[in-house]
Structures are given as C-alpha cells and as structure tokens.
Amino acid sequence: VMDDLRGYFLLPKQMLETGGITADPFNSMRLGNGLAGQAMLHAMMLVVFDFFNILLVEFGVSLIICVGLVWSIATNRGLSYPWKWALVLFFLCLPYYPSLVINTSSFISGMLMLLALFAFLDREEFSSTQTPVRNLLVIGLLASCAIALKTTFLPPVFMILALSYICYLASSRFKKAAVLETVSVAMFVLIMLLPWMLSLLNSSGTMLNPLLGTGYSEYNYGNYISDSQIGGFSLSQKLTFIWLTFFSRDTYLMLLIAGIIGAIVARPRQRIAPHAFVLGILVSSVAVLLNADLSKPPSLNRYIYGVVYVALTVVIMELMAVASRHSRLTGSTTPGRILFASLTGLKK
C-alpha cells in the first residue's frame, strides 16, 4: 500500500544503494518509524530477495521463532502437549486479526523480542547468585532491539523492566549485584541505541521522535493543523473513549479479566515476569493511546495490539500452568473442576 511504497520501502533501498542510513529529512515515514531497525532487516532481505518477499521478515522468520518461543516457555512451565498445542494455536490466530496486516513496519518482530525477554526473565534458575553482567547484557540487548524496531515498543519495554527490577530489588533486599544490574541495564540499553539515535538525528533532526523532539516534521513549518486530536479532549474524555473503544472489547477485555485472575493465582517469582508483563503492557498501552490521534482507532490497534497479545498469551500460559499443577494435585479432570481447584486451592 501507499505508505509502504512512500516510506518503508524507500529507506532499505537507499541503504543498499549508499551503504548506510542516509539523511532524508522530510521523509515522514522515516521519522515516524523510529530508529530504522526494521528497515535494516528489510535491507538484509532485499540482498537475496525482492520486494515481493519482504513480508518474510514478519510473517515468515519472526512468526516461526515466536511459535518456538511460545512452545519453549510452555515446556519450561511444565505444560502437557495438549496445553502447549492449544497455546500455540491460540497465538497463531493473531496474524489474521482484521486491520493488523496493513504494512511492513515491525509487528511480529517486536512481539518476538518481548517473548524472548519474557522467556529470559521467567526462568526458574534466574537468581541473584548469577553474575549481573550476563543478565544485563541479554536483557539490555533484547530491550534495545525491540525499541530499535519501532518506537512504540519503548513504553511497554520500559514499564516491563521497571516493574521487574523494582520487584527484583525488593526481593533481593537491595543487594549489590541487584543494584549494579539495575543501573547498568539502563546504561547498556542507551549505549546500544545511541548509534541509531545519532543516525536519526542526522537523518531527521531528532534523536528519538517524539520524546526528544519531532525534528523536521512538517508540522514544525508553517500553519499546519496537527494530525492529532489529543489537545481537544479532557483527560476524562480520553479515558472514557479508550475504555469504550478498546478495553471494553474483545482481546483487551480478555486481557483485563485474565490479568486480574492471573495476578491472584500466579506464583510470585523473583523477577515477577508475568505480573510485570501484564501490568506493564496495560499501563503503557493506555499511555500510548493518551498521546495518539484518537480519531483513528483502527490504526491505533496496530500500535498496541501486538504487545497486548503477548501479555494475553503470557497470562493464559500462566493460568494453564496453575490449572495443570492443581489438576495433578487434586485429581480434577474436567475444565470446570480444574479452574475451581486452581482458584480455591492456591492459598492452601
């Protein structure tokens, strides 16, 4: 579609022709798409394929790895084969959701980074006795990759890591290794992103749009009417709109209900990964919507639906693990008895 031809396809083509990320100051798609990580993947694909194969990045390689990660996480949680197949089939419903597959910007590739981050944070053997350097390198690398792919992944990554490390510091009683890792991971993410940010500054006049300025955006020149309506609504109006349009419907409502149940029955861990993912993604999704053009709900779904679906997959997996554990302990076999035993027997 037009925005691909005008923006997403242009940058990787320029990169292959010039050997680097060139300045393109008035390309709004370059500015809006962030730090060009997805364009780098497209350029790598175009070395051996053509534009007709460009979706292999999202719905080929990334989707296959995501399925493998879902299966691996479910295996580590001790789910049986029927539960694992059910979880994988549920995850595979995502690519066919209406209005999501509209361009080639990062979608499933960002979900891949979030799933990999969850798989690392949620490991049973994750403890403060491990060297913090190893942990911060892996966590920082995955976090910076997600942000480089698309700027809209920044709020959920920030909230997830903030909640996870707050719990980690509290559970470790602020041991030196925990404090060192917490401080260092933020510095490492910045170091990893800095070359990309300098490239965006050279290309578009800002190091991170819109947090560090809007650069050479057309709205900084002349008497343009802003493309966003966020200034025209009060906070209560925006929250009401977000609730009625998003969180009272389908997947968003399912995440709210499943998240509340999961917060009650899930077993606390040192990094509290499921809780951090669900709460962090919910809070960050509302933050993104509060600062977006609320007149375009279909396109806004694309900005937050991927991370919301990751959180929903995580919490459903958590509920499956709790249900499986209690079914083995109680001998319950029917879904209703398994759920009842899970909800009532946890505290016991």
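One structure accompanies this document, and this report is about it.

Here is what the cut-offs are and how they apply
Residues numbered from 1 in each chain as written. Predicted model: local features only at pLDDT ≥ 70, side-chain atom pairs only at ≥ 80, totals over all residues. Heavy atoms only, no water. Helix = DSSP H or I, 4+ residues; strand = E, 2+ residues; numbered from the N terminus. Buried < 20%, exposed > 50% of the residue type's maximum accessible area, 1.4 Å probe, protein only. Areas by Shrake-Rupley, 256 points an atom, 1.4 Å probe, with all protein chains shown as cover. Salt bridge = Lys/Arg side-chain N within 4 Å of Asp/Glu carboxyl O. Phe/Tyr/Trp six-rings, centres within 6.5 Å; stacked < 30°, edge-to-face > 60°. Expected span 1.5 Å × (residues − 1). Axes fitted to C-alpha atoms, helices over the stretch in contact; angles between N-to-C directions. Parallel < 35°, antiparallel > 145°, perpendicular 65-115°, else oblique. Contact = heavy atoms within 4.5 Å. Nonpolar A, V, L, I, M, F, W, Y, C, P; charged D, E, K, R; others polar. Left-handed = near helix turned anticlockwise from the far one by under 90°.

### Observations regarding the overall build of the chain
For step 1, the next point in the chain: Looking only at helices and strands, one finds 15 helices and zero strands in the chain.
For step 2, the next point in the chain: Here the chain, with 348 residues, has 49% of them falling under the buried criterion.
For step 3, the next point in the chain: Surface exposure of the chain reaches about 16900 Å², of which carbon and sulfur atoms provide 70%.

### Concerning the pattern of salt bridges
For step 1, the next point in the chain: Applying the stated criterion across every chain, the model contains four salt bridges.
For step 2, the next point in the chain: Note that E17 is salt-bridged to K13, the shortest N-O span being 2.7 Å. A residue pair is termed a helical-turn pair when its members lie 3 or 4 positions apart in one helix, as E17 and K13 do in helix α2 (residues 10–18) at four residues.
For step 3, the next point in the chain: For K13, a relative accessible area of 38% corresponds to the partly exposed category.
For step 4, the next point in the chain: Among the salt bridges present, the one from R77 reaches E318, with a minimum N-O distance of 2.3 Å.

### Examining unusual backbone geometry
For step 1, the next point in the chain: Following N209, the chain continues to P210 via a peptide bond in cis, the omega torsion being 0 degrees.
For step 2, the next point in the chain: Mapped onto the elements of the fold, P210 is located in the loop between α10 (176–204) and α11 (235–247).
For step 3, the next point in the chain: You will see that A36, though not glycine, has its phi angle at about 75 degrees, which is positive.
For step 4, the next point in the chain: Here A36 shows up in the loop between α3 (28–32) and α4 (37–48).
For step 5, the next point in the chain: The phi torsion at F174 lies on the positive side, around 55 degrees, for a residue other than glycine.
For step 6, the next point in the chain: Following the sequence through the fold, F174 ends up in the loop between α9 (154–171) and α10.

### Quick notes on the packing of aromatic side chains
For step 1, the next point in the chain: For the structure on display, the rule yields eleven aromatic pairs.
For step 2, the next point in the chain: With 6.2 Å between their ring centres and 55 degrees between their planes, F91 and Y309 make a pair best called tilted. You can see F91 sitting in helix α6 (residues 81–91) and its partner Y309 sitting in helix α14 (residues 297–330), a full 218 residues away along the chain. Both residues of the pair, F91 and Y309, count as buried.
For step 3, the next point in the chain: A centroid spacing of 5.8 Å and a plane angle of 25 degrees characterise the contact between Y305 and Y309, whose relative ring orientation is stacked. Here Y305 pairs with Y309, and both are found in helix α14, just four residues apart, close to one helical turn. Taken individually, Y305 and Y309 each receive the classification buried, so the pair is uniform in this respect.

### Considerations on helix α13 (residues 273–290)
For step 1, the next point in the chain: Along its 18 residues, α13 runs 25 Å from first to last C-alpha, staying within 8% of the 26 Å computed at 1.5 Å per residue.
For step 2, the next point in the chain: Burial of α13 is extensive: 13 of the 18 residues sit out of reach of the surface.

### Comments concerning the packing of helix α7 (residues 108–121) against α9
For step 1, the next point in the chain: Relative to each other, α7 and α9 sit at 5 degrees, their axes nearing to 12 Å. By the angle class used here, α7 and α9 are roughly parallel. Counted together, L114, L117 and L121 of α7 and V157, I160, L161 and S164 of α9 form the full contact between these two elements.
For step 2, the next point in the chain: Here the contact of α7 with α9 is composed, by residue class, of six nonpolar, one polar and no charged.

### Concerning the packing of helix α12 (residues 250–265) against α13
For step 1, the next point in the chain: Packing of α12 against α13 leaves a shortest axis separation of 10 Å and a crossing angle of 145 degrees. You can see that α12 and α13 cross each other, and the crossing is left-handed. Contacts from L255, L256, G259, G262 and A263 of α12 reach α13 at H275, V278 and L282.
For step 2, the next point in the chain: Residue composition of the contact of α12 with α13, grouped by class: five nonpolar, three polar and no charged.

### Re the environment of W196
For step 1, the next point in the chain: Examined against the element boundaries, W196 turns out to sit in helix α10.
For step 2, the next point in the chain: Accessibility expressed as a relative area gives 24% for W196, which makes it partly exposed.
For step 3, the next point in the chain: On a C-alpha basis, the gap between W196 and I21 in space is 9.4 Å, while along the polypeptide they are 175 residues apart.
For step 4, the next point in the chain: Once residues lying within four places of it in the same chain are set aside, the contact partners of W196 are L35, A36, G37 and M40.

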